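So the chains spell out like this:
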Amino acid sequence: MQSSSRPSSRHQQLTRLAGTVLQPGFVGTTVPDWVRRAIADGLTSVVLFGRNIVDPEQVARLTAQLRAENRDLIIAIDEEAGDVTRLEAWTGASRPGNLALGAVDDIDLTESVARDIGRELHAAGISLNYAPSADVNSNPLNPVIGARSFGARTDVVSRHTAAWVRGLQSAGVAACAKHFPGHGDTAVDSHHGLPQVSASAEEIAATALPPFVAAMEAGVRVVMTAHLLAPAYDPELPATLSPRILVDLLRGELGFDGLVVTDGIEMSAVTARYGIDGATVRAVTGGADAVCVGGEHAGEATFHQLTEALVGAVLDGTLPEARICEAAARVAEFAAWSGSRTRAVTADDAASDIGLVAARRALRVRTEQGRESVLPLVGAPHVVELSPTMNLAVDGQTPWGVAAPLSDLLPGTTSVRLTEADLAESGDLSDLPDLADLPDLADRPDRSGLPDLLERKVLDPAAERSLVVVVRDAARHDWMSAAMNRLLGSRPDAVVVEMGVPNGASPGAVHLVTHGATRVSGLAAAEFLAGRR
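Residues numbered from 1 in each chain as written. Predicted model: local features only at pLDDT ≥ 70, side-chain atom pairs only at ≥ 80, totals over all residues. Heavy atoms only, no water.

Asks: For this particular structure, what's the right way to read the sheet that holds strand 7 (residues 259–261)?
Replies: The strand order 5-6-7 describes an open sheet built from three strands, whose pairing is parallel. Here the strands that pair on one side only, and so sit at the sheet edges, are strand 5 (176–180) and strand 7. Neighbour-to-neighbour, the strand axes of this sheet turn through a mean angle of 25°, independent of strand direction. Two elements, strand 5 and strand 6 (residues 222–225), share three bridges in a ladder whose sense is parallel. Across the sheet, the residue bridging to Ala177 is Val223, located in strand 6. Sitting on the sheet, helix 9 (residues 243–253) is in contact with strand 5, strand 6 and strand 7, with an inclination near 145° to strand 7. (Pairing = 2+ DSSP bridges. Helix = DSSP H or I, 4+ residues; strand = E, 2+ residues; numbered from the N terminus. Axes fitted to C-alpha atoms, helices over the stretch in contact; angles between N-to-C directions. Contact = heavy atoms within 4.5 Å.)

Asks: What should I look at first to understand the packing of helix 5 (residues 107–123) against helix 6 (residues 154–170) in this one?
Replies: Describing two packed helices takes the angle between their axes plus the distance from one axis to the other. Direction vectors running N to C along helix 5 and helix 6 enclose 35°, while the axes themselves pass 7 Å from each other. The interaxial crossing formed by helix 5 with helix 6 has right-handed handedness. For the pair formed by helix 5 and helix 6, the contact residues are Ile107, Thr110, Glu111, Ala114, Arg115, Ile117, Gly118 and Leu121 on the first element and Arg159, His160, Ala163, Trp164, Arg166, Gly167, Leu168 and Ser170 on the second. In terms of residue class, the contact of helix 5 with helix 6 is built from seven nonpolar, five polar and four charged. (Left-handed = near helix turned anticlockwise from the far one by under 90°. Nonpolar A, V, L, I, M, F, W, Y, C, P; charged D, E, K, R; others polar.)

Asks: Can you help me understand the sheet that holds strand 11 (residues 414–419) in this one?
Replies: What links the strands of a sheet is backbone hydrogen bonding, and the strands pair in either a parallel or an antiparallel sense. Reading across the sheet, the six strands line up as 9-14-13-12-10-11 and stay open at both edges, with mixed pairing between neighbours. On the outer flanks of this sheet lie strand 9 (364–367) and strand 11, each paired with one strand and no other. Direction aside, the axes of adjacent strands within the sheet are offset by 15° on average. Sheet topology note: the strand 10 (residues 382–387)/strand 12 (residues 467–471) ladder contains four bridges and is parallel.

Asks: For this particular structure, what's the right way to read the packing of aromatic side chains?
Replies: In this description, a pair of aromatic rings is defined by centroid distance and the angle of the planes. With the rule as written, the count across this model stands at three aromatic pairs. Relative to Phe212, the ring of Phe180 has its centre 5.2 Å away and its plane inclined at 85°; by these criteria the two rings are edge-to-face. Remark: Phe212 occurs in helix 8 (residues 210–217) and Phe180 occurs in strand 5; sequence separation between them is 32 residues. Look at Phe180 and you get buried, because its relative accessible area is 0%. The class for Phe212 is buried, based on a relative accessible area of 1%. When the ring of Phe334 is compared with that of Trp337, the centres are 5.8 Å apart and the planes differ by 40°; the resulting orientation is tilted. Here the residue Phe334 and the residue Trp337 both occupy positions in helix 12 (residues 321–344), the gap between them amounting to three residues, near one helical turn. Among the residues examined, Trp337 registers a relative accessible area of 22% and is labelled partly exposed. Of note, Arg472 hangs over the ring of Trp400, and the distance from its end group to the ring centre comes to 4.8 Å. (Phe/Tyr/Trp six-rings, centres within 6.5 Å; stacked < 30°, edge-to-face > 60°. Buried < 20%, exposed > 50% of the residue type's maximum accessible area, 1.4 Å probe, protein only. Lys NZ or Arg CZ within 6 Å of the ring centre and 35° of its normal.)

Asks: Just to check I follow, could you spell out the side chain of Asp116 for this structure?
Replies: Positionally, Asp116 belongs in helix 5. A distance of 3.0 Å separates the side chain of Asp116 from the side chain of Arg119, its partner in a polar contact. In this structure Asp116 touches Arg95, Ser352 and Ile354, once residues within four positions along its chain are discounted. (Polar contact = N/O pair within 3.5 Å; in protein donor to acceptor, adjacent residues only side chain to side chain.)

The following block contains the structure:
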């Protein structure tokens, strides 16, 4: 007689299916015991984050340990390059992101950069990259896409999405077009709330969907869902949970037959209403084949919680068994394909400077008439970097800016980095003027109304020296724009470097746009300012 304390063979079968459709992260730079056990019990995928990475050699050892448990294990990473990097989270990316590539608008360059990323990922043993972002950043105030997009034009995003897919997959690493059906026309960060796309189905089809179609035509094997509400298709369920969007639109209308994976399922856009286990069940029920988890909840307890939620949903009829079997079969099919690609493509460890080449080509500069002599900088400047709080897709530890590379090129360069909190403590930001007031402010040698912090940390050290003001997405941050404008009122000869999404305005005697805040973007800007190019 079978003991009631032992799981039934049916429960074990369902547990194995659940393990197949989950893509968990974990903590540490070596394989935890629970991950080994889970792989033995059917876990088919894992996701690496910055916390798992020390350097490429360590990652290669880690992936080798994982593949010793299952040679076709899907090892995924979110390596967009640009502002969102995991392999180079501690150093800053050596390749510019999508906005820079879209600004250059050379699909051969984009393909070469993506191939270079794929080369490094392949050498590290990674088989799936959650990139590229195929989102059209049609809302310039978008808080979570921005420089991760190739731009605001559908045609530009479409051709570069396809080129990026071709380049990455030519190196033996599967690409993933995200975030379906398009996260560009949103004003809410889905890490914190539920964004909504108000466009009609016709508008979405004309503006947001073409890059995904281009990715499919380029052979993309994976599409990632977006945690957003698109009432034109489904007024109730976010795209990640919606059969109307994942089955009727993506598979039916667009004909995609590859793997559908969710964005991080722990994000508030879906968990605030359904909980992490409820969102997981609804995602698989709605048409997702794999559930990504672990950006914020990475541990054995979460993995078992979601496994049991899926098993329980099948047993109580909430999740049809045929649906989870279909999802698991797609994951297994993809694992076999990606595993064969990982072994078939020869690793290429050759170093490349394509990232710096691309960053240099992405620079755009405007010099105010009569101010041409400001560049190259004469002597060591003072640099102020106005630093925003980044969204959770960007690792907060990733270095960025112009001060560090500029100090290498111009010894004696000094710098300060200020945040909104710094300025709020030093003075009332609401009293800082806008750009329209600058002519009057420039005539005020006493700097009246200037917060003490800006005077002490910025203007005083920059006396008799060049001043460089570095901003990042200034148009999205009122405090940053206000501080920048106030500084320009006292120093109209200052150089402004925008390292985020430009908004069309060109404040400063010289205005330089890098289209991203990567390490190579900062280096390219520093070279230009120092006259080394």
